[in-house]
Amino acid sequence: MKSLLCSILLVSSLLASMNLAAQTYYLDAVKGKDDNNGTSMQTPFKTLSKANKLKLKAGDKLLLAETRTWWGSLELNNLKGTEQQPIIVSTYSLDKESKPKRAIINGKGWLNTVAIINSSHVHLSNLAVTANGGGVHKWLKEKHKKSSYAKKPMMRIGVMLEASKKGTYKGIKLDNILVKDVYFNEPGVVRSKKETNSANGTESYGWGIRAFARNGGELEGLTINNSVVTNVAHTGIKLNGKKDSLKKITISNNKVFDVGGPGMQMSGANDVHVFLNIVKDSGSTKDTRNWGRGSGMWTWGTSYALIEYNKFLNANGPGDSAGFHIDFNCDNIIFQYNVSANNAGGFIEILGNNYNNAYRYNLSINDGHRVKGKNNAFQEGKTFWFSGFVGKNKAHSGPFNSYIYNNTIYVKEDILSKMAVTRMSKGALIANNIFHVVGDSKLVKGDQYRPEANGISHIDNVNFNNNIYLKTSTWPKSVLIQDKSPVIGDVQFTKAGGDKLTDYIPLNNELVANKGIEIPFIEGDKKGLFKPLKVEHDILGNPIVGKPDMGAIEISKSE
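Residue indices begin from 1 for each chain and proceed along its sequence in written order. In view of the model being predicted, local features appear only for residues whose pLDDT reaches at least 70, and side-chain atom pairs are presented and counted only at 80 or more, with totals across whole chains, interfaces and linings using the full set of residues. The side-chain quantities take in all heavy atoms of the structure and omit both hydrogens and water.

## Comments concerning the pattern of salt bridges
Phase 1 of the analysis: By definition, a salt bridge exists where a carboxyl oxygen of Asp or Glu is found within 4 Å of a side-chain nitrogen of Lys or Arg. Taken as a whole and judged by the stated rule, the model has twelve salt bridges.
Phase 2 of the analysis: Among the salt bridges present, the one from Lys 57 reaches Asp 60, with a minimum N-O distance of 3.6 Å.
Phase 3 of the analysis: Look at Lys 57 and you get partly exposed, because its relative accessible area is 41%.
Phase 4 of the analysis: The partner of Glu 218 in a salt bridge is Lys 247, with the nearest N and O atoms 3.6 Å apart. With Glu 218 in strand E15 (residues 217-220) and Lys 247 in strand E19 (residues 246-252), the pair connects residues that are 29 residues apart, well separated along the chain.
Phase 5 of the analysis: The classification of residues rests on relative accessible area computed with a 1.4 Å probe and restricted to protein chains. Under 20% of the type maximum is buried, over 50% is exposed, and intermediate values are partly exposed. Look at Lys 247 and you get partly exposed, because its relative accessible area is 28%. A run of H or I in DSSP becomes a helix once it reaches four residues, and a run of E becomes a strand once it reaches two; helices and strands are each numbered from the N terminus.

## Describing unusual backbone geometry
Phase 1 of the analysis: For the bond running from Gly 398 to Pro 399, omega is 5 degrees, close enough to zero to count as cis.
Phase 2 of the analysis: Note on placement: Pro 399 falls in the loop between strand E33 (382-386) and strand E34 (400-405).
Phase 3 of the analysis: The backbone phi angle of Leu 276 is positive, close to 60 degrees, even though this residue is not glycine.
Phase 4 of the analysis: Relative to the assigned elements, Leu 276 resides in the loop between strand E22 (269-275) and strand E23 (278-282).
Phase 5 of the analysis: For Leu 276, a relative accessible area of 43% gives the class partly exposed.
Phase 6 of the analysis: Residue Tyr 361 is not a glycine yet carries a positive backbone phi of 55 degrees.
Phase 7 of the analysis: Tracing the chain through its elements places Tyr 361 in the loop between strand E31 (355-360) and strand E32 (363-365).
Phase 8 of the analysis: A residue is classified by how much of its surface remains accessible, and Tyr 361, at 2% relative accessible area, is buried.

## Some thoughts on the environment of Lys 242
Phase 1 of the analysis: Inspection of the secondary structure assignment puts Lys 242 in the loop between strand E18 (237-241) and E19.
Phase 2 of the analysis: Sequence-wise, Lys 242 and Ala 213 are 29 residues apart; in three dimensions their C-alpha atoms are separated by 7.3 Å.

## A word on the pairing of E31
Phase 1 of the analysis: The element E31 is extensively covered by neighbouring structure, given that five of its six residues are classed as buried.
Phase 2 of the analysis: Sheet analysis places strand E28 (residues 331-336) next to E31, joined by four bridges and oriented parallel. Residue pairing for E31: Ile 334 is matched across the bridge by Ala 358.
Phase 3 of the analysis: One requirement defines pairing of two strands: DSSP has to find at least two bridges between them. When E31 meets E34, the two strands line up parallel, connected through five bridges. Considered in E34, the bridge of Tyr 359 is made with Ile 404.

## Section: the side chain of Ser 119
Phase 1 of the analysis: Looking at the secondary structure, you find Ser 119 in the loop between strand E7 (112-117) and strand E8 (122-125).
Phase 2 of the analysis: Classification of Ser 119 as buried rests on a relative accessible area of 2%.
Phase 3 of the analysis: Under this definition, polar contacts are N or O atom pairs within 3.5 Å; protein pairs additionally need one hydrogen-donor-capable and one acceptor-capable atom, and for neighbouring residues in sequence, both atoms have to be side-chain atoms. Polar contacts involving the side chain of Ser 119 include one to the main-chain amide nitrogen of Asn 78, which spans 3.2 Å.
Phase 4 of the analysis: Beyond its immediate chain neighbours, meaning those up to four positions away, Ser 119 contacts Leu 76, Asn 77, Asn 78, Leu 79, Tyr 169, Lys 170 and Ile 172. Any two residues having at least one pair of non-hydrogen atoms within 4.5 Å are treated as being in contact.

## Some thoughts on the packing of aromatic side chains
Phase 1 of the analysis: For Phe, Tyr and Trp, where Trp contributes only its six-membered ring, two rings pair if their centres lie within 6.5 Å, and the inter-plane angle classes them as stacked under 30 degrees, edge-to-face over 60, or tilted in between. Summed over all chains, the structure comprises 22 aromatic pairs.
Phase 2 of the analysis: With a centroid separation of 5.8 Å and an interplanar angle of 80 degrees, the aromatic rings of Phe 328 and Phe 389 are classed as edge-to-face. With Phe 328 in the loop between strand E27 (324-326) and E28 and Phe 389 in the loop between E33 and E34, the pair connects residues that are 61 residues apart, well separated along the chain.
Phase 3 of the analysis: Judged by its relative accessible area of 13%, Phe 328 falls in the buried class.

## Focus: the environment of Leu 480
Phase 1 of the analysis: Checked against the element boundaries, Leu 480 lands in the loop between strand E41 (468-469) and strand E42 (487-488).
Phase 2 of the analysis: Residues Leu 480 and His 273, spaced 207 residues apart in sequence, show a C-alpha to C-alpha distance of 34 Å.

## Considerations on the pairing of E18
Phase 1 of the analysis: Counting buried positions along E18 yields five of five residues, so the element is predominantly enclosed.
Phase 2 of the analysis: Judged from the five bridges that link them, strand E14 (residues 206-213) and E18 form a sheet pairing that is parallel. If you follow Ala 213 over to E18, its bridge partner there is Gly 241.
Phase 3 of the analysis: One ladder, built from three bridges, connects E18 with strand E21 (residues 264-267); its direction is parallel. Looking at E21, one finds that Ile 237 is bridged to Met 264.

## Considerations on the side chain of Ser 245
Phase 1 of the analysis: Looking at the secondary structure, you find Ser 245 in the loop between E18 and E19.
Phase 2 of the analysis: Look past the residues within four positions of Ser 245 in its chain and what remains in contact with it is Ala 213, Gly 217, Glu 218, Leu 219 and Gly 268.

Everything listed here is a matter of geometry and, on its own, says nothing about what the molecule does.
The structure is reproduced here in structure tokens:
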């Protein structure tokens, strides 16, 4: 009997491993019928309502007919795929031969066009998602009147990912998703100046892709790749959670254009890699329903994030709206090998209670052009800003141990370059940077809602030396920290004012080549960065041999 039982268990295990029980379901909004069996392209189901009732198991597939349009919400709840047998939600080709095009889901009137809730190893791909206005259906309002939705303005989300029950939900993957035209309100709604100046908005908005980890739930191994988010009222890609509740996050090869809020934002994340994305025109006012303010990307309460090889372009808004900024309560954020250009709020921005963060080997072009008081702006745009801000009505603190080196910064003549350094900052390394500011420079206050009061400076452990400035006035003498060994000169860019990375290859070898210093630890800092201080190559991929050159590009090896 024992032998027979073992044989039965072995056969069961083999059958499971061979995935013989996995099922593929088909959905066709035109030719389908919900009383079909749904298991072939000839007998597909029709509606999202039917799809939402399926009990998908590990290895199952739900495939939507290419180019068809569904109205409503696709809800994937409590699904348990495995790493070896994920649950696939994607599309199929109607002609069986060509690569399938995206299927379309229109969630107008629904809170979430696609929702993946308390699920693991679900892979979503090749879908187009839209939801342009319409508020929400009356029955949905009634359904949610006692929920958290009723306590604040409702929001509409293109793709919503949620861990709302205690536990760790792993392996959610989004690939080749188009999220376009997501708005809560109908066209014609105009945001007020007061609303745009509020911290994150107080009204109802549409969001692109948004992930929540709450009530003890955690998301781990989330990836968002090869997708496009455009024309949404608020943030393009947003992650929300308590400290370390979103882990092992990858966001790559995405395009985020014309969003009304930030391009990307994350709170409570740990172990993050963001690379090869293009974020353009965040904080857009192209649609009057947009919030109209937002950085290309910013982090809050986040640890161990590597942000590299991205482009952050044309961020707009009366406040914030840098290419990338590190909001307070972060540690171990490295911003490297990125291009930041024409962002109203500025380039380097590190707020308070931040530890061991870095900007290195980046190119900044004409960042920080905003002027306080002009076009309703309540903050100055800044080339360089250390802010101690940690929340309204709280004493400023930090940032601590900030590493700023080998960046190339170009500011054209008609932009007033502004600098702000809090007296509460402690620990800084600023070296090997090129500050090519053609026009004038000015010290300004750190105006994060409440400008820092004057007082005794607490800045110590600062290693500020060996940076190139176009003029002696580029770094104002009134700034609390000063370069101990500044280099004055023109690095002679290949095409100053251009919009390409290669336009900023310096031609002045004598001033730049092998003139950098090896980057040391900040005095009193035993930790440094979570990646080596000494990098192997520059922003163009040129190897760094011997002493580093000045700025982001190794000119002696770039030809």
